[in-house]
Amino acid sequence: MERTFLMVKPDGVQRGVIGDIVARFERKGFQLVGAKLMQVSRELAEQHYAEHKERPFFGELVEFITSGPVFAMVWEGENVIATARQMMGKTNPQEALPGTIRGDFGLTVGKNIIHGSDSKESAAREIQLFFKEEELVSYNKLINEWVY
Ligand code: GTP
Ligand code: MG
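Source: prediction; values computed, not measured.

Caption draft 1: The arrangement of the site of ligand 1 in detail. Close to ligand 1 lie 13 residues, the nearest being Lys9, Arg85, Thr91, Asn112 and His115. Take Asn112: an N or O atom from its side chain is 2.8 Å from an oxygen atom of ligand 1. Contact distances for ligand 1 include 3.0 Å between an oxygen atom and a side-chain N or O atom of His115. Expressed as a share of its isolated accessible area of 600 Å², the protein-covered part of ligand 1 is 81%. For ligand 1, the cavity whose grid points lie within 2 Å of the majority of its atoms is the largest pocket. When the residues that make up the shell around ligand 1 are grouped by side-chain class, the tally is 4 nonpolar, 5 polar and 4 charged.

Caption draft 2: Geometry of the sheet that holds strand E1 (residues 3-8). Across the sheet, which stays open at both edges, the 4 strands sit in the order E2-E3-E1-E4 with antiparallel pairing between neighbours. The open sheet has two edge strands, strand E2 (31-38) and strand E4 (114-116), and neither has a second partner. Taking the axes of each pair of neighbouring strands and ignoring which way they run, one obtains an average angle of 15° across the sheet. Relative to strand E3 (residues 70-76), E1 runs antiparallel, the two sharing 6 bridges. Among the inter-strand pairings, Thr4 is bridged to a residue of E3, identified as Trp75. Those strands touched by helix H7 (residues 120-130) are E1, E2, E3 and E4, and its axis lies near 60° from that of E1.

Caption draft 3: Local environment of the packing of aromatic side chains. Applying the stated criterion to the full structure yields 3 aromatic pairs. Consider the rings of Phe5 and Phe130, whose centres lie 4.4 Å apart with planes at 25°: the pair is stacked. Taken together, the residues Phe5 in strand E1 and Phe130 in helix H7 connect sequence positions 125 residues apart. Exposure class is identical for Phe5 and Phe130. Each is buried. By way of ring pairs, the aromatic residues Phe5, Phe130 and Phe131 are connected into one cluster. The ring of Phe131 carries Lys36 above its face, with NZ or CZ at 4.7 Å from the centroid.

What counts, and at which threshold
Here the residue numbers are simple positions, counted from 1 along each chain's written sequence. Here the convention is simple: chains get letters from A, ligands get numbers from 1, in the order in which they are written. Local features in this predicted model are restricted to residues of pLDDT 70 or higher, and side-chain atom pairs are both shown and tallied only at a pLDDT of 80 or more, whereas totals for entire chains, interfaces and linings draw on every residue. With hydrogens and water stripped out, all remaining heavy atoms of the structure feed into the side-chain values. Whether a residue is near a molecule or strand depends on its heavy atoms: it is near if one of them lies within 4 Å of it. Whenever two N or O atoms come within 3.5 Å, that pair is a polar contact, provided that in protein one can donate a hydrogen and the other can accept it, and provided that, for residues adjacent in sequence, both atoms are side-chain atoms. Here the open area of atoms and residues is found with the Shrake-Rupley method and a 1.4 Å probe, where only the protein chains shown may cover a residue. Residues are called lining when one of their atoms sits within 4 Å of a cavity or pocket point, these points coming from a 1 Å grid over the protein atoms alone, where a cavity is a set in which a 1.4 Å probe fits but cannot get out and a pocket is an open set with protein on both sides within 12 Å along at least five of seven lines. Whether a molecule lies in a cavity or pocket depends on its atoms, and more than half of them have to be within 2 Å of the grid points. Residues are grouped as follows: Ala, Val, Leu, Ile, Met, Phe, Trp, Tyr, Cys and Pro are nonpolar; Asp, Glu, Lys and Arg are charged; all remaining types, including Gly, are polar. At least two DSSP bridges between two strands are required for those strands to pair. A helix here means a DSSP run of H or I that spans at least four residues, while a strand means a run of E at least two residues long, and both kinds are numbered starting from the N terminus. Lines fitted to the C-alpha atoms define the axes, with helices restricted to the stretch that makes contact. Angles between their N-to-C directions range from 0 to 180 degrees. By the convention used here, residues are in contact when the closest approach between their heavy atoms is within 4.5 Å. Side-chain rings of Phe, Tyr and Trp, where Trp is taken by its six-membered ring, are said to pair if the distance between their centres is within 6.5 Å; with planes under 30 degrees apart they count as stacked, over 60 as edge-to-face, and otherwise as tilted. Relative accessibility under 20% of the residue-type maximum defines a buried residue, over 50% an exposed one, and the middle range a partly exposed one, all with a 1.4 Å probe and only protein chains included. Put simply, a charge is over a ring when the Lys NZ or the Arg CZ is close to the ring centre, within 6 Å, and near the line of the ring normal, within 35 degrees.

So this is what it looks like as structure tokens:
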């Protein structure tokens, strides 16, 4: 089954919306297979955001993601990568529709509450960057009979 990496950023943790965000993905029918509250190191931040190294806001990005704890998660389900991105809304919360996570909770692009992998390749890369294999669990949820 497809997996994606989602992370409540430091602003989302401080705003107290971890529970609301987890609830949205649970209600949708996705399955949580790993989660932890953690402090991102500068080294991990630079690896995670390597694709943005040349962007002018790279320094701000690293400062921000290391500025407080994040809630890192791995979610599983059919088409979870693209569906989670839809549920998050556009990168800039001012363009994100109401009903999406960024549309409901965010105001500025620099503090947009949540990160989500944007492709199968980035999901695989980010999951192994943030989680050890033994921190992820495989289990059968009986409710899946009513989801799929
Ligand atoms: P992520 O899920 O966080 O990767 O967001 P995304 O895939 O929707 O956007 P992208 O990967 O293009 O950018 C990564 C992050 O950089 C965004 O989530 C924003 O927090 C931040 N970002 C993007 N553009 C800007 C900008 O112009 N200024 C600042 N300060 N941050 C930006
Ligand atoms: Mg991105």
